[in-house]
Each structure stands twice: as C-alpha cells, then as structure tokens.
Amino acid sequence: MAKRALITGITGQDGHHLADLLHDKGYEVYGIIRGQYNPKRTLLEREQPFIKLIEADLTDQSSLVRAMEVAKPDEVYNLAAISHVGYSFKNPQLTADTTGKGVLNVLEAIRLSGGEKTVRFYQASTSEMFGGLDYNRPGEGYDENSLFHPRSPYGVAKLYGHWITKNYRESYGMHASCGILFNHEGEHRGIEFVTRKISNAVARIKLGKQDYIELGNLDPKRDWGYAGDYVEGMWRMLQQDEPGDYVLATGETHTIGEFLDLAFKEIGVDDWKPYVKQNPAFMRPAEVDILLGNPTKAEKVLGWKRKVDFPGLVKLMVTNDLKLEAQSKD
Ligand code: NAP
Ligand code: F7E
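Note that the structure is predicted; figures quoted are calculated from it, not measured.

*Asks:* Is there a simple way to explain the pairing of strand E2 (residues 28-33) in this structure?
*Replies:* Successive side chains on a regular strand alternate, one facing one side of the sheet and the next facing the other. Among the 6 residues of E2, 5 are classified as buried, and the element is accordingly described as predominantly covered. One ladder, built from 5 bridges, connects strand E1 (residues 4-8) with E2; its direction is parallel. Note that in E2 the partner of Arg4 across the bridge is Glu28. Each parallel crossover has a hand, and for E1 linked through helix H1 (residues 13-24) to E2 it is right-handed. Pairing between E2 and strand E3 (residues 52-55): 4 bridges, direction parallel. Within E3, the position partnered with Tyr30 by the bridge is Lys52. In this view, the connection linking E2 to its parallel neighbour E3 by way of helix H2 (residues 40-47) has right-handed handedness.

*Asks:* What is the right way to look at the nonpolar core in this model?
*Replies:* Generally speaking, soluble globular proteins have nonpolar side chains that are buried together. By size, the foremost hydrophobic cluster in this structure holds 30 residues, and its most contacted members are Ile7, Leu18, Leu22, Tyr77 and Tyr122. Ranked by residue count, the leading element in this core is helix H8 (residues 227-238), at 6 residues. Excluding residues within four positions of it along the chain, Tyr77 makes contact with Ala5, Leu6, Ile7, Thr8, Leu18, Leu22, Tyr122, Met234, Trp235, Leu238 and Gln239. Ranked by size, the runner-up nonpolar core spans 25 residues in total, among them Val76, Ala80, Ala109 and Val119.

*Asks:* Can you help me understand the site of ligand 1 in this one?
*Replies:* With respect to spatial proximity, 25 residues lie near ligand 1, and among them Thr11, Arg34, Lys40, Ser83 and Tyr154 are the closest. Within the backbone of Gly12, a nitrogen or oxygen atom sits 3.0 Å from an oxygen atom of ligand 1. Protein chains bury 90% of the 890 Å² of accessible surface belonging to ligand 1 in isolation. Those elements that place two or more of their residues in the shell around ligand 1 are H1, strand E5 (120-126) and helix H6 (153-172). Class assignment for the residues of the shell around ligand 1 results in 8 nonpolar, 11 polar and 6 charged.

*Asks:* What is the right way to read the packing of aromatic side chains from this model?
*Replies:* The geometry of an aromatic ring pair comes down to the distance between the two centres and the angle between the two planes. Tallied over the entire structure, the rule returns 10 aromatic pairs. Considering the side-chain rings of Phe130 and Tyr142, the 4.4 Å spacing of their centres and the 0° angle between planes classify their relative orientation as stacked. Taken as a pair, Phe130 in the loop between E5 and H6 and Tyr142 in the loop between E5 and H6 lie far apart in primary sequence, 12 residues in all. Each member of the pair, Phe130 as well as Tyr142, is classed as buried. In textbook terms, an aromatic cluster arises when at least three aromatic residues are bridged by ring pairs, as seen for Phe130, Tyr142, Phe148 and Phe182. The ring of Tyr172 is capped by Arg111, whose NZ or CZ atom sits 3.9 Å from the centre of that ring. In this arrangement the basic side chain of Lys297 is found over the ring face of Tyr246, its NZ or CZ atom lying 4.4 Å from the centre.

*Asks:* What is the right way to look at the site of ligand 2 in this model?
*Replies:* Around ligand 2 lies a shell of 22 residues, among which Ser83, Thr126, Tyr154, Arg284 and Glu287 are the nearest. Ser83 places a main-chain nitrogen or oxygen 2.6 Å from an oxygen atom of ligand 2. Within the complex, the protein chains bury 95% of what would otherwise be the 700 Å² of accessible surface of ligand 2. Within the shell around ligand 2, the residues separate by chemical class into 8 nonpolar, 7 polar and 7 charged. Counting residues domain by domain, the shell around ligand 2 receives three or more from each of domain 1 (4-184 + 225-248) and domain 2 (190-222 + 253-291 + 309-327).

*Asks:* Would you explain the environment of Gly31 in this entry?
*Replies:* With respect to the helices and strands, Gly31 occurs in strand E2. With relative accessibility at 0%, the residue Gly31 sits in the buried group. For the pair Gly31 and Tyr77, spaced 46 residues apart in the sequence, the C-alpha separation amounts to 9.6 Å. Apart from residues lying up to four places away in sequence, Gly31 is in contact with Leu6, Ile7, Ile10, Ile51, Lys52, Leu53 and Ile54.

*Asks:* Any chance you could explain empty space enclosed by the protein here in plain terms?
*Replies:* Inspection of every chain in the model, using the stated rule, returns 1 cavity of 30 Å³ or more. Reported here for the largest cavity is a volume of approximately 30 Å³. Lining the largest cavity are Leu6, Thr8, Ile32, Leu64, Ala67, Met68, Val106 and Ala109. The set of elements that each furnish at least two residues to the lining of the largest cavity consists of E1, helix H3 (61-71) and helix H5 (92-112). Taken together, the residues of the lining of the largest cavity sort by class into 7 nonpolar, 1 polar and no charged.

So, how was this worked out
Residues numbered from 1 in each chain as written. Chains lettered and ligands numbered in written order. Predicted model: local features only at pLDDT ≥ 70, side-chain atom pairs only at ≥ 80, totals over all residues. Heavy atoms only, no water. Buried < 20%, exposed > 50% of the residue type's maximum accessible area, 1.4 Å probe, protein only. Helix = DSSP H or I, 4+ residues; strand = E, 2+ residues; numbered from the N terminus. Pairing = 2+ DSSP bridges. Right-handed = clockwise from strand over helix to strand, strands pointing away. Core = buried A, V, L, I, M, F, W, Y, C linked by side-chain atoms within 4.5 Å. Contact = heavy atoms within 4.5 Å. Near = heavy atom within 4 Å. Polar contact = N/O pair within 3.5 Å; in protein donor to acceptor, adjacent residues only side chain to side chain. Areas by Shrake-Rupley, 256 points an atom, 1.4 Å probe, with all protein chains shown as cover. Nonpolar A, V, L, I, M, F, W, Y, C, P; charged D, E, K, R; others polar. Phe/Tyr/Trp six-rings, centres within 6.5 Å; stacked < 30°, edge-to-face > 60°. Lys NZ or Arg CZ within 6 Å of the ring centre and 35° of its normal. Domains from an automatic or database assignment. 1 Å grid on protein atoms, 1.4 Å probe; cavity = no way out; pocket = protein on both sides within 12 Å on 5 of 7 lines; lining within 4 Å. Points joined across faces, edges and corners; volume = space filled by probe spheres on them.

Structure below.
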C-alpha cells in the first residue's frame, strides 16, 4: 500500500519540492492550506494536481486534528511557519503563535488522533537558532552540538519548536526528528528573500523592466544551498530506524555581494554597484552576521550530500527568472 504523507506549508518553497519528491516515490500526498481564499491554491492545483488539500491552520488545534483524521498519515512534515526573519520583528506575537506554538499544535494533533507510536514527524528547525555569533568553534561551522543564541523573534520561536519536538520524542517515544537546515533557495523561493529578490531584479534589469534594486545590509554571509537537495535530506531523516537531529548545509559561506557578483555576471554585467541602492528599511534590529554549517553527521548517517553548488544555484535562479519575466507582461 502507498505510504501517506501530510505536509504543512504546502504552498511554500519546501512544500513544493517535497510534494514532488514524495509523489515521485509513490506516496499519497496531503497538504494543509490556510485561509478561506488562498491565492496560491489555483497555481498549486494546476502544477501539482496530485496533492490532496485540507483546509487547516497551524494556530487552530481542532483543524489540525481533523487534518490528521482525513490524511491518516504515516509521515508528517511540519514546514508551515512565519518564516521571514524581518517580518518576525514586525509581528513577533504572530510568529510565536505560528512558528513556535504551532509546532506543539501539530504534535498534539498527532497524539490526540492516536498516532504517537505510528506517525513519523519532521520539524523544520533552522540555522537561525544559532544566531551567527561565531563563539562556538570559529571557522568550523555549526553542527548538532553547537550552542544556540537566536537573534530574532523567528529564531526564538523556532527554538521552542525544536525543543518541544525533542521533548515529545523523549517523553512519548515519538519518532520525531529535527532538520536544522541552513538557507536553501531555488526557483520556488519567495520574492521576499534576498536571493530571489536579486535573481528577479537581475532578470527585470536585463529586460529593461526595472532600473535598480534596493537592498539592506550587504555584508552578512550565508551558507546557501538548493532547496531540491534539502528536501531529500528531510525524507531520509524519517526513513531512519531512530529519530534524531541533523544539520543540512553546504559547508561554504558567501556574502550577499558574492551572490550579486555571480547574478549580474549571468546578464553580462561585471560591476553591479550602479544597479544597487541601500535602503535602511530592509535592515533588521539585530542581524545574523555569518552562518556556516557542518553537515558531517547527515553525510555519514543519512548518506546525504548537496548536489548543486553556489555558482550553480545562482545560475539556476537567474535563468529561471529570465524565463518567467520574458513571459510576463508587467
Ligand atoms: P515559506 O516558503 O515561507 O513557506 C511557509 C509556509 O507556511 C507557507 O506555505 C505558508 O502558507 C505556511 N503558513 C504560514 N502560516 C501558516 C499558518 N498559520 N497555518 C498554516 N500554514 C501557514 O518557507 P520555506 O522556505 O518553504 O521553509 C519551510 C520551513 O522550513 C519553514 O518552517 C521555515 O521556517 C523553515 N526553514 C527554511 C529555511 C530556508 O532557507 N528556506 C531554512 C531553515 C528552516 P501561505 O502560503 O498561506 O502563507
Ligand atoms: O536574508 C540580508 C538580510 O531574508 C538573508 C529564511 O528562510 O534562512 C532565511 O532567513 C540576508 C540577511 O534570509 C535584504 O539582512 C539584505 O542578512 O534572504 P533572507 P534569512 O534571514 O537568512 C533561514 C535559515 C531561515 O530559517 C528563514 O526562514 O540578507 N538582506 N538586503 C536582505 N534580506 C531580505 N530578505 N531583503 C533584502 O532586501
């Protein structure tokens, strides 16, 4: 019989990639969609008609219990969250309710529907829990044993989600795993994140639709990988006999300036400075200066390794946006 998976955050970047991966593996895929009118629904129904959608919200416990009863999943992937760090400073309580307490709501829905011994659970933890203060082992990268020091309401809420997942593993013997994922990007990345904002603007500049791009702090460094590679790691975590925590990262870190270098080179521009303006509106009250991950455990235990490298990622994103922008009128 086909395995059944329930994905929260199905309309997000990772939800898109993971649904495709599980469908290809023969799973029956259920996805939670929120809101009485969700504009992403039409696109999703067109591009991924195999997904069975269930209306629910991470802040509404009863809706999650109903989702469990409808989907009867073998595996639950909790990807839903307020995931934008800048937005979380402006909406900290909503972030706590969704990104933090929402995790508890999903775990309780599994228990209330009798799945605590049978359902395998994945929690989308994040490198933002480390906070980028390089006081652990400078230069070596964060691993599963590094100290946490979140620097945003998002990071703090995710840390609650991380620990409550471990707590349910230890208290109730649940097969509950946390993937501590470093930044991952790609063609389905939201336009509000810096990589997609850049790849989209570069395409528009090339096509004469836009003159420049406004950005915040250009100095932070990120360990950027490709989302398609990372969902494979999520799935592998739930196939292990024992649950656990795993860092997924590339082991390389790059500045936003380096991303701009490669992205503009794709359209034949060597010096991007005339096309970039700095706008303090995109800066954050506290910044995560550097993120670098050490994925050794995932490579050894899960046999996972990223396939797309940094230049390949930038190329993939700019190429995709050039195609989309050439097709769209605005
Ligand atoms: P994303 O594109 O921002 O997607 C977030 C998803 O959460 C969307 O489907 C959104 O639905 C849904 N959502 C938000 N509030 C909800 C609520 N109250 N009830 C139900 N659904 C809700 O995020 P992503 O990049 O795919 O990331 C997936 C997960 O991994 C997130 O938890 C994120 O925090 C975490 N993570 C991401 C990265 C990364 O680099 N991408 C790294 C580490 C961890 P709508 O479409 O309706 O808004
Ligand atoms: O910012 C700087 C910004 O919003 C990256 C989420 O998926 O990864 C993501 O969080 C850097 C930051 O991603 C702009 O200040 C400059 O230093 O693309 P981002 P993020 O904050 O790293 C982690 C791992 C997650 O878990 C999150 O869910 O870029 N930056 N100028 C800018 N950032 C944005 N968004 N927009 C700018 O104009």
